[in-house]
Amino acid sequence: MDVLLKVLKQLRLPPELQPLKKELKKVLKEKHSVKVYSAEDEELIAKIKAETIRLNKNNVTRTQAYYDYYQECPEIHWSFLAHMVSRNAGWNMTDLRGEFLSRILNGEEQKAFFAFLERGNWLIFQDAYPQLLLYREWKRTRKNRFHLLADFHVSAFMEVVWNHYLQSKDVGILTHGLIINEQNYIQSRVMNNAVFQKNVVDTLEFKLQDYLAFNHILFPYMQDGNVSLKGDTVHQFQHVEARIRFGKKLYQILFSTEKNQVKQWAAANQHTGSRKDYWSHLFSDIQDKVPGSAYTAKLQGCHLKNASSRLYSPQLLAVWDTFDHEPAQAEEWCKDWRILYLLKEEEAAGDGRIEADYCRSLEGLELAALAKKVISVFT
C-alpha cells in the first residue's frame, strides 16, 4: 500500500471528490476523541452488534445474510457482490475436503487453509454488516447515524464514504469504497498475520495458486436453461492493490448484461458450499468412494469421461465445524487521504469469460491429485 500511495500522490483528485478530502482529514483527526452517545444510540449499537454476531456464525449464514439484505436494499450493489464472492469462499472451503485438495493437502494443511479463508470471511462480515445495518436504519428513520461506526471500529474512511453516498447516491463510489475498505481491513489482520504467513501465505501450495489457476471467482448465471459461468481470476492475492483492482473488475462483471440472470440463479439456488449448487452434472455432495482410495482420471474438460462418477464437493456444514474466532484487532488502516483517488479509478473488466480457464484449472488439479503431491507436477 505504501508503494500505491506514492503513485497516487502524483495524481490529481477529481473535483467531485474534493469535499471528501476535507471531510476525511477532519474525521481522521477526530478518530480518537471521546464519543458520547445517547441512550437511543447505545440501544441501536447493542442491537446491531447482536444481529451481526448471530448472522456471522459461518460462511453459510453470512452468505445468506448478504443476499437477504440485497433483497431489502437492492440499491446497495456491494451486498450482492459480497453474496456472490462469499459463495465462492464457501466453495473454496469445501474444496479442501473435496475430490482433489483432500488428496493434495494433508489434514493439518487443510485446517490451516480453512482457518485462513474463514478468518477473512468472518472479518469482512463483522466489519461490513454493521455498516449495512446503519444504512437500513437511515432508510427507516432518515436519521444519519454513521458517526456510530467508530464504536464498531470501522475505518473513518467509510464514515466519509457513506455520508457522501447519502448525499450523492453514487452507488459506484460507495461500492468502490467498500471494496477498498474490506481489502485494507484484512491486510494486516489476515494477509500479514504471522501465523497465516507461516502456515498459508508462504507455503508452496499458496504460491501455486497462480499456476493451478485455483483462484477464480465464479458467477453462475442462467442462459438458455443451462448454467454458464462468468467471473475472473486474481493473481498475487497477497497484495492489497491487486485485490482492490480485482474487486472492482468483479463489480463490473457482475453488474453487466448478465446481472439479472445471475440474480435468477442465486434466487433459485440456496448456498450450501457444494459446487453442486451450480454444476450438478459435474459435482456431487455425496462421496461414492472410500476416503483415501486411489484416484483415477475422470475429467475431459468440464465433462466426465464415460461411466465416471461425479467429483466430490461436500456441503460446508457436513465437513467443517463452527470456528471460534478471536476478536478482531481494533486499528485504523486509513492513514492518508490520498486513498480517495481509488474511488473513481476504473479497472478494465474484460468480458468475464472464465469457463475455459476454470476447466483447465480442474484438469490441473486432477493431475496434481493423480501425482499425489503438487510439487511433483511442477518440478
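In this text, all values refer to a predicted model and were calculated from it rather than measured experimentally.

### As for the state of the cysteines
- Following the criterion strictly, the structure yields 1 disulfide and no others.
- Between Cys302 and Cys359 runs a disulfide, and the two sulfur atoms are separated by 1.9 Å. Here the disulfide of Cys302 and Cys359 is left-handed, its torsion about the S-S bond being about -115 degrees. Of the two residues, Cys302 is situated in the loop between β4 (299-300) and β5 (303-304) and Cys359 in helix α16 (residues 355-371); the sequence distance between them amounts to 57 residues. Note on accessibility: Cys302 and Cys359 belong to one class, buried.

### Points about the packing of helix α2 (residues 18-30) against helix α8 (residues 156-168)
- Close contact between α2 and α8 brings their axes to 9 Å; oriented N to C, the two are set at 140 degrees. Classified by the angle their axes make, α2 and α8 are oblique. Once α2 is placed against α8, the crossing between them reads as right-handed. Contacts between α2 and α8 involve Leu20, Glu23, Leu24, Val27 and Leu28 from the first element and Ala156, Phe157, Glu159, Val160 and His164 from the second.
- Across the contact of α2 with α8, the residue classes break down as 7 nonpolar, 1 polar and 2 charged.

### A closer look at empty space enclosed by the protein
- Going through the model one piece at a time under the given rule, you end up with 6 cavities of 30 Å³ or more.
- In this structure, the second largest cavity encloses a volume near 110 Å³.
- What lines the second largest cavity is a set of 16 residues, and nearest its centre among them are Asp95, Glu99, Phe100, Phe283 and Tyr312.
- Looking at the lining of the second largest cavity, the elements with two or more residues in it are α5 (77-95), β6 (311-312) and α16.
- Considering each element in turn, the lining of the second largest cavity owes the most residues, 3 residues, to α16.
- In the lining of the second largest cavity, the residues fall into 10 nonpolar, 3 polar and 3 charged.

### Section: the layout of surface pockets
- Of the voids in this model, the largest pocket is the one considered here, and its volume is about 470 Å³.
- Those elements giving two or more residues to the lining of the largest pocket turn out to be α3 (39-55) and α7 (107-141).
- By residue class, the composition of the lining of the largest pocket is 9 nonpolar, 7 polar and 4 charged.

About the cut-offs
- Residues numbered from 1 in each chain as written.
- Predicted model: local features only at pLDDT ≥ 70, side-chain atom pairs only at ≥ 80, totals over all residues.
- Heavy atoms only, no water.
- Disulfide = S-S within 2.5 Å.
- Helix = DSSP H or I, 4+ residues; strand = E, 2+ residues; numbered from the N terminus.
- Buried < 20%, exposed > 50% of the residue type's maximum accessible area, 1.4 Å probe, protein only.
- Axes fitted to C-alpha atoms, helices over the stretch in contact; angles between N-to-C directions.
- Parallel < 35°, antiparallel > 145°, perpendicular 65-115°, else oblique.
- Left-handed = near helix turned anticlockwise from the far one by under 90°.
- Contact = heavy atoms within 4.5 Å.
- Nonpolar A, V, L, I, M, F, W, Y, C, P; charged D, E, K, R; others polar.
- 1 Å grid on protein atoms, 1.4 Å probe; cavity = no way out; pocket = protein on both sides within 12 Å on 5 of 7 lines; lining within 4 Å.
- Points joined across faces, edges and corners; volume = space filled by probe spheres on them.

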